[in-house]
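Here are the chains, one letter per residue:
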Amino acid sequence: MKRQISFARIVIALLIAGGVAAVHFALWAVSNRPVSVIEPLDYIDGFSYSPYRRDQSPLQGKYPSYDEIGQDMAQLGAIAHRIRTYNSTENPEVSDLAGQHGLRVTAGAWLGADRDRNRNEIGALLADVRLHDNIDRLMIGNEALLRGELTVPEMVEYLDQVREATDIPVSTAEPWHVWLKNPDLANHVDYLAVHLLPYHEGLPVDKAVDYAMARYHELREAFPDKPILIAEIGWPSKGPTIQAAVASEENQARFVREFLYRSLCKNLDYFLIEAYDQPWKIDIEGWAGAYWGMFNADRQLKFPLAGNVDPNSGWIDDALIATVFALVPMLLLCLAQRGMSVGGQLWMCVLVQACVTAIVISARLPSDYYFSLRDITALIGLVFGVMLTAGVLLTNGFEFAEVFFKPRWRRAYKPADPLPDGEQLFVSVHLACCNEPPEMVIATIDSLAAMDYENFEVIVVDNNTKDEALWKPVEARMAELGPRFRFFHLPQWPGFKAGALNFAMKQIDPRTDVVGVVDADYVVTPDWLSGLIPHFRDQHVAVVQAPQAHREWEHNFFKRMCNWEFEGFFRIGMHHRHERNALIQHGTMTLVRRSRLEQSGNWSEWCICEDTELGLRLLENGDELRYIDRVFGRGLTPASFAALRSQRFRWAFGAMQILKGHWRALFGRSKLTMGQRYHFITGWFSWFGDALQFMFALGAIAWTVAMLVWPKMFSLPVTVMLAPVLGLLVAKAAMGPILYRRAMDCPWADIAGASLVSLGLSHSIARGVIAGLTHKRGVFLRTAKGKGESGLAKFFQPIREEMYLLLALLAAGSAMLALRGSESIEVLLWVTMLGLQSLPYLAALACQFIAQLPDRPLPRAA
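The rules we used
Residues numbered from 1 in each chain as written. Predicted model: local features only at pLDDT ≥ 70, side-chain atom pairs only at ≥ 80, totals over all residues. Heavy atoms only, no water. 1 Å grid on protein atoms, 1.4 Å probe; cavity = no way out; pocket = protein on both sides within 12 Å on 5 of 7 lines; lining within 4 Å. Points joined across faces, edges and corners; volume = space filled by probe spheres on them. Nonpolar A, V, L, I, M, F, W, Y, C, P; charged D, E, K, R; others polar. Buried < 20%, exposed > 50% of the residue type's maximum accessible area, 1.4 Å probe, protein only. Helix = DSSP H or I, 4+ residues; strand = E, 2+ residues; numbered from the N terminus. Pairing = 2+ DSSP bridges. Axes fitted to C-alpha atoms, helices over the stretch in contact; angles between N-to-C directions. Left-handed = near helix turned anticlockwise from the far one by under 90°. Contact = heavy atoms within 4.5 Å. Patch = residues over 30% accessible without salt bridge, like charges linked within 9 Å, V, L, I, M, F, W, Y side chains within 5 Å. Areas by Shrake-Rupley, 256 points an atom, 1.4 Å probe, with all protein chains shown as cover. Salt bridge = Lys/Arg side-chain N within 4 Å of Asp/Glu carboxyl O. Phe/Tyr/Trp six-rings, centres within 6.5 Å; stacked < 30°, edge-to-face > 60°. Right-handed = clockwise from strand over helix to strand, strands pointing away. Expected span 1.5 Å × (residues − 1).

Asks: Is there a simple way to think about empty space enclosed by the protein in this case?
Replies: Sizing a probe to match a water molecule and rolling it over the atoms shows the empty space that remains. Counting across every chain of the model gives two cavities of 30 Å³ or more. Looking at the largest cavity, its volume works out to about 50 Å³. Along the walls of the largest cavity sit Ile233, Gly234, Trp235, Gln252, Val256, Leu272, Ile273, Glu274, Trp292, Gly293, Met294 and Phe303, which together make up its complete lining. Residue composition of the lining of the largest cavity, by class: eight nonpolar, three polar and one charged. One number sums up the size of the second largest cavity: a volume of about 30 Å³.

Pasting the structure below:
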């Protein structure tokens, strides 16, 4: 029967979701408040002009049509008096169309190292002059000296040649400092054509016009007899930050409008760079080169010449899309969360809105930038990364909300009162072992023998152990304990642990009602069965699970780290999943109703995480899995970091096997509830995140190398591409320690240690996820619990892959700083990202080092 949602809950949900949406939109509005900028008269002397549109490029031989150039001239003729061109052999119709719309032309010839092309350019320019009387000045070359493609004597030769062939004033265009460095060049021109681009010199926008005017006056003083044309002056709307120079629409509007006001006051002769954005220039100038236009590549004005200026002209679209797309999920989430306080619902809505906003910002970047195919490819990966990071953040945030804002766990069970001897269910306890230290296994067996429960048996199956010294003492001890304790040695047996447990199922006492499983290193408490078996009186219960816990960890810092890292899942994650009957069954301290186990097909030998796979199978049958959060047994922590890595690789591999084997039930029709589907689909998001981190690390290393080797082809990602990922990662990293501190009696030093272990296992998990997705069968690797091997020669062997990646990331970051400097915010963000990506591998090195330290008493934090 479906529960009815009360009117009050609907109202509260609308208020919370609507309030978060309203605040979100208001934050967009506040951060994008129009700014007041000086207003010039509606007059522009001239634009530098290149006619190419969004998908056109002279580098690819894609040119604009006659009509497209005509549309440009009509648009520019309405607001300007003149244009400047850069070459004469491409788009020869520009001068004629400009004349038709009343525009004067300063015509250019492009010069470079190719003398034949230079000759053709000059010839075409002189022919153009003879045909069009609206050409009133010529520019022979554009920054050819700056680029080093021509020497001063070579340039002088070209200038003299053209001056002899025409009466029209002739010059060449260079930055201001090139003219000051080569004063003799002024003797061969009729006027100085100077480029004043403070952005490239790292000036803040509020000082940029003053700086440009100072350079202008410096040239006036150096060349008092020469007219000066400011051949290029402007500011890009997007681009890398160069020292204090920040490229943005607001700064472009501020610079251009202030300069236009100054130009009217001083009667300057100038060309704004440039009329239209030129996306093709990214390939030769870097990504700032595309964004100097006062109009974008689609011929839309970026900012008005009168009135206030929006810092981000597209903010309303971004804000509306993010608000609308987040509103429905926020409403549904508020309505679905029974028992969650208003604070918890508010917290979740804020997270949903933040994640949706990050995804929208990333996904809408192509509408704001001129991305190449390479950039789009990188962006697809980025958006996928943002979505997965957002998914991890939301799942962690939901867990965070339940711990912080839920008054109590709805499904919280305690140990039951023991049943009288005559009512006890019969339990068959199974212990599978392989190559385990006999003293450890015997300690487990002795603890089972000491239980205060009458109706049970113990079956120990030792499979695939070759050394008799390991299994013979166990066999002897079992024989001493009487007929309830039976031992089986299987010299060669398939199916790993699941195979051994299935063999035990064939040996059980016919009276068995419940099957118990413990690991070979677990010492159980006497009341394990007496406190948990009574829960099976509820016929819906198929599994009763107690938490994993550890012993002998207090005096070794690595084992302390391992203990607290494990502890977090059983104190937090298991309760979170238990609320929706979506428990992860574990292969130790677990009790299973025999009939459900046999009906479901016993243990799956195809999966190396047979315990979790069985739990999901039982849930698919509609059974209940019950969690009792009290320690009934303690095992040993992994003996070394290598053993811990092996264990976590196996878990990640098995998780992928389970997802592949049960995807129809998880995504299609089955008895699984939405809550169970949610936990089993999103529960491994963090592990997918580890795999993605590994892929991103490889991609970041490759992209860094490409940027350094081919800087014009591969550029730094824009700040807004990296900011959402970094922001979500910081938020996710902050939640874990806070959650530990709230949910467990854990000192901050141990929280740090648990976080270090979790981070250091990232690469092993990533390898497990990838292997599990790409391989069908896995190999069960036992987790060593005895004393680990030591020795300097073996120190790096378990973590060699992590070390290769760490060194590569550190080298990439160092090379980027050395070759690009530290003045650009984009460089710093990229290096920061490389540093963050190196943390899992640095953590693995730290864990490996700490694991080698000897046991010693450690003071407990207060």
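Asks: Just checking my understanding: could you explain helix H21 (residues 610-620) for this structure?
Replies: Two residues of an α-helix separated by three or four positions point the same way, owing to the 3.6 residues in each turn. Taken across its eleven residues, H21 has eleven buried, putting it largely inside the fold. Looking at H21, one finds that the buried residues are Glu610, Asp611, Thr612, Glu613, Leu614, Gly615, Leu616, Arg617, Leu618, Leu619 and Glu620. Of the residues flanking the end of H21, it is Gly622, one or two places downstream, whose phi is positive at about 90°.

Asks: Can you walk me through unusual backbone geometry in this structure?
Replies: Negative phi characterises most residues that are not glycine, and trans characterises most peptide bonds. Put simply, Ile273 and Glu274 share a cis peptide bond, and its omega is -5°. Mapping Glu274 onto the fold places it in the loop between strand S8 (270-272) and helix H10 (282-285). Despite not being glycine, Asn91 shows a phi value in the positive range, around 55°. Secondary-structure assignment places Asn91 in the loop between strand S2 (80-84) and helix H3 (94-100). For Arg299, which is not a glycine, the phi torsion comes out positive at approximately 70°. On the secondary structure map, Arg299 appears in the loop between H10 and helix H11 (315-336). Assessed through its relative accessible area of 10%, Arg299 is described here as buried.

Asks: Is there a simple way to think about the sheet that holds strand S10 (residues 456-463) in this case?
Replies: A sheet is described by the order of its strands in space; here seven strands give the open sequence S11-S10-S9-S12-S16-S14-S17, paired in mixed fashion. Taken across any chain shown, the strands that pair with only one partner, and hence form the sheet edges, are strand S11 (485-490) and strand S17 (624-627). The average angle at which neighbouring strand axes cross in this sheet is 20°, direction not considered. With six bridges joining them, S10 and S11 adopt parallel strand pairing. Residue Val460 lies in a different strand from S11, and its bridge partner there is Phe487.

Asks: When you look at the packing of helix H22 (residues 641-661) against helix H28 (residues 762-774) in this model, what are you seeing that I'm missing?
Replies: Packed helix pairs are characterised by how far apart their axes lie and by the angle those axes make with each other. Packing of H22 against H28 brings their axes to within 7 Å, and their N-to-C directions diverge by 35°. Handedness of the H22/H28 crossing: right-handed. Facing H22, whose interface residues are Arg645, Arg648, Phe649, Ala652, Phe653, Met656 and Lys660, H28 presents His763, Ser764, Ile765, Arg767, Gly768, Val769, Ala771, Gly772 and Leu773.

Asks: What is the right way to read a nonpolar patch on the surface from this model?
Replies: Together, Val705, Val709, Trp710 and Met713 make up an exposed nonpolar region whose accessible area comes to about 380 Å². Mapped onto the elements of the fold, Val709 is located in helix H25 (residues 685-709).

Asks: Even after reading the chapter, I still don't get the packing of aromatic side chains, so can you show me in this structure?
Replies: Working definition: an aromatic ring pair is given by the centre-to-centre distance plus the angle between the planes. Inspection of every chain in the model, using the stated rule, returns 26 aromatic pairs. Their ring planes at 70° and their centres at 5.7 Å tell us that Phe398 and Tyr678 sit as a pair that is edge-to-face. With Phe398 in helix H14 (residues 373-405) and Tyr678 in helix H24 (residues 674-682), the pair connects residues that are 280 residues apart, well separated along the chain. The exposure class of Phe398 is buried, given its relative accessible area of 8%.

Asks: Looking at this model, I keep getting lost on the environment of Val517. Mind explaining?
Replies: Its place among the elements puts Val517 in strand S12 (residues 514-517). A sequence separation of 234 residues divides Val517 from Ile751, and the C-alpha atoms of the two residues are 30 Å apart. If we skip the residues at most four places from it in the chain, Val517 touches His430, Lys497, Leu501, Trp528, Gly587, Thr588, Met589, Thr590 and Trp603.

Asks: I would appreciate a short explanation of the pairing of strand S6 (residues 192-196) in the present structure.
Replies: Here is the key point about a regular strand: its side chains alternate between the two faces of the sheet. When you tally the buried positions in S6, you get five out of five residues, the bulk of the element. In the sheet, strand S5 (residues 170-175) pairs with S6 via three bridges, with the strands oriented parallel. Looking at the pairing, Ala173 lines up with Ala193 of S6. In this fold, S5 hands off to helix H7 (residues 176-181), which returns the chain to S6; that crossover is right-handed.

Asks: What's the story with helix H27 (residues 748-760) in this structure? I'm lost.
Replies: With 13 residues, H27 extends 18 Å from end C-alpha to end C-alpha; this agrees with the ideal 18 Å at 1.5 Å per step. By the burial criterion, the buried members of H27 are Asp750, Ile751, Gly753, Ala754, Val757 and Gly760.

Asks: Help me understand the pairing of S10 in this model?
Replies: When you tally the buried positions in S10, you get eight out of eight residues, the bulk of the element. Side-chain alternation along S10 places Phe456, Val458, Val460 and Asp462 on one buried face and Glu457, Ile459, Val461 and Asn463 on a second face that is also buried. Of the strand pairs in this sheet, strand S9 (residues 427-433) and S10 are connected by seven bridges, and their pairing is parallel. Counterpart to Ser428 in the pairing with S10 is Glu457. Crossover S9 to S10 through helix H15 (residues 438-449) is right-handed. The β-α-β motif built from S10, the intervening helix H16 (residues 468-480) and the parallel element S11 has right-handed crossover chirality.

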